[in-house]
Amino acid sequence: MALEASLVEVALHQVRVGRATVSDQALAQALEARPSLSEEQVAMVGQLVTSGSGVEVVVGRAGTGKTFALDAARAAWVAGGRRVIGTSLAARTAAELESGSGIATVKLGGHDGPR
């Protein structure tokens, strides 16, 4: 719980600090390379790469295309010269994020179920 609380604290101090934004061109290229993205996914990617927040949280049900959309965000950030790192409290989620989006991802603390 302490790790989660510290992550929330860090994230709150990163809201709209002007980090991780990309040009319209970088965003357009990433989206054009993925024409099957839904309107919701396109909106999510646009929000992620233009908000200026140093930390972003993406929440949604399994199978809704979050990881596929994050691949587009990763491509836009990389095209804009940004370094992208993903985190998760669960090793399985970290592995899925990395394999599905190409975002280098680390597991932070926590555990993956009963021991």
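Located above this text is the structure these notes cover.
Residues numbered from 1 in each chain as written. Predicted model: local features only at pLDDT ≥ 70, side-chain atom pairs only at ≥ 80, totals over all residues. Heavy atoms only, no water.

**Overview of the side chain of R34**
- With respect to the helices and strands, R34 occurs in the loop between α2 (24-32) and α3 (39-50).
- Look past the residues within four positions of R34 in its chain and what remains in contact with it is F68, D71, A72, R74 and A75. (Helix = DSSP H or I, 4+ residues; strand = E, 2+ residues; numbered from the N terminus. Contact = heavy atoms within 4.5 Å.)

**Regarding the packing of α3 against helix α4 (residues 66-79)**
- It is at 9 Å that the axes of α3 and α4 come closest, and there the two elements cross at 40 degrees. Of the possible angle classes, the one that applies to α3 and α4 is oblique. The interaxial crossing formed by α3 with α4 has right-handed handedness. Seen from α3, the contacting residues are Q41, M44, V45, L48 and V49; seen from α4, they are K66, F68, A69, L70, A72, A73, A76 and W77. (Axes fitted to C-alpha atoms, helices over the stretch in contact; angles between N-to-C directions. Parallel < 35°, antiparallel > 145°, perpendicular 65-115°, else oblique. Left-handed = near helix turned anticlockwise from the far one by under 90°.)

**Things to note about the nonpolar core**
- With 20 residues, the main nonpolar core has V22, V45, L48, V49, L70, A73 and W77 as its most contacted residues.
- Looking at this core, the elements that each hand over two or more residues are α2, α3 and α4.
- Among the elements that make up this core, the one with the highest residue count is α4 (7 residues).
- Those residues in contact with V22, other than ones at most four positions away along the chain, are L27, V49, A76, W77 and G80. (Core = buried A, V, L, I, M, F, W, Y, C linked by side-chain atoms within 4.5 Å. Buried < 20%, exposed > 50% of the residue type's maximum accessible area, 1.4 Å probe, protein only.)

**A short note on α4**
- An ideal rise of 1.5 Å per residue puts 20 Å on 14 residues; α4 measures up with 20 Å between its terminal C-alpha atoms.
- Residues of α4 that are buried include every one of A69, L70, D71, A72, A73, R74, A75, A76 and W77, and no others.
- On its buried side, α4 packs onto α2, α3 and α5 (91-101).
- G81, located one to two residues past α4, shows a positive phi value of around 80 degrees. (Expected span 1.5 Å × (residues − 1).)

**Here's the deal with the pairing of strand β1 (residues 85-88)**
- Covered by surrounding structure in β1 are G86 and S88 only, the residues I85 and T87 on the alternate face being uncovered.
- Strand direction decides the pairing type here: β1 and strand β2 (residues 104-107), joined by 4 bridges, are parallel. Counted as the bridge partner of I85 is A104 from β2.
- In this view, the connection linking β1 to its parallel neighbour β2 by way of α5 has right-handed handedness. (Pairing = 2+ DSSP bridges. Right-handed = clockwise from strand over helix to strand, strands pointing away.)

**Section: the environment of R19**
- By the element assignment, R19 lies in the loop between α1 (2-12) and α2.
- Along the backbone, R19 and G52 are 33 residues apart, and their C-alpha atoms lie at a distance of 4.6 Å.
- The residues touching R19, leaving out its near neighbours within four places in the chain, are Q14, G52, S53 and G54.

**As for the pattern of salt bridges**
- Taken as a whole and assessed by the stated rule, the structure comprises 3 salt bridges.
- Taking the shortest distance from any N to any O, the salt bridge between R34 and D71 comes out at 2.9 Å. A residue pair is termed long-range when its members are at least 10 positions apart, and R34 in the loop between α2 and α3 and D71 in helix α4 qualify at 37 residues. For the pair R34 and D71, a shared accessibility class is recorded, and that class is buried.
- A salt bridge links E96 to R92; the nearest nitrogen and oxygen atoms lie 3.0 Å apart. A residue pair is termed a helical-turn pair when its members lie 3 or 4 positions apart in one helix, as E96 and R92 do in helix α5 at 4 residues.
- Since its relative accessible area comes to 41%, E96 is described here as partly exposed. (Salt bridge = Lys/Arg side-chain N within 4 Å of Asp/Glu carboxyl O.)

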